[in-house]
Amino acid sequence: MIDKKLIPVGGLKKEPFSGSHNGMRYFFRCDESKETFTVFVYPEPWSFEKTPSKDKQSASFPMNDEGMDSAIEWLFEMYNTQKEKWHTAKKDCMHV
């Protein structure tokens, strides 16, 4: 799904990072303090800004390598525990 090398912690302080995997979109954003970052997951097909808040799930992590490891682990957990939701979103986005 995602490789930690693709999101250097220092780079996240400058720019958000987004992507998708089989109907699940994700968005990494540095918090104002620059000491933590938040990861959001939400279903296809809309962008982060166009997706209603009620459809987003999030978790925050410390801005370091361990935090990034935890964030990626959390992403895998969100994907694996809600596979049907993501696959349905992927299939349904073709009808939007």
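Residues numbered from 1 in each chain as written. Predicted model: local features only at pLDDT ≥ 70, side-chain atom pairs only at ≥ 80, totals over all residues. Heavy atoms only, no water.

### A word on the pattern of salt bridges
Here is step 1 of the chain: A full pass over the atoms with the stated rule returns 2 salt bridges.
Here is step 2 of the chain: A salt bridge links Arg-25 to Glu-44, with the shortest nitrogen-to-oxygen separation between them at 2.7 Å. Of the two residues, Arg-25 sits in strand β2 (residues 24-30) while Glu-44 sits in the loop between β3 (36-43) and β4 (57-62), which places them 19 residues apart along the sequence.
Here is step 3 of the chain: Classification of Arg-25 by relative accessible area gives partly exposed; the value is 23%. (Salt bridge = Lys/Arg side-chain N within 4 Å of Asp/Glu carboxyl O. Helix = DSSP H or I, 4+ residues; strand = E, 2+ residues; numbered from the N terminus. Buried < 20%, exposed > 50% of the residue type's maximum accessible area, 1.4 Å probe, protein only.)

### Side note on the nonpolar core
Here is step 1 of the chain: Membership of the largest hydrophobic core comes to 22 residues, with the highest contact counts inside it found for Phe-28, Phe-37 and Leu-75.
Here is step 2 of the chain: Looking at which element gives the most residues to this core, the answer is helix α2 (residues 65-81), with 7 residues.
Here is step 3 of the chain: Ignoring any residue separated from it by four or fewer positions in sequence, one finds Phe-28 in contact with Ile-2, Ile-7, Leu-12, Pro-16, Phe-17, Phe-37, Thr-38, Val-39, Met-68, Ala-71 and Leu-75. (Core = buried A, V, L, I, M, F, W, Y, C linked by side-chain atoms within 4.5 Å. Contact = heavy atoms within 4.5 Å.)

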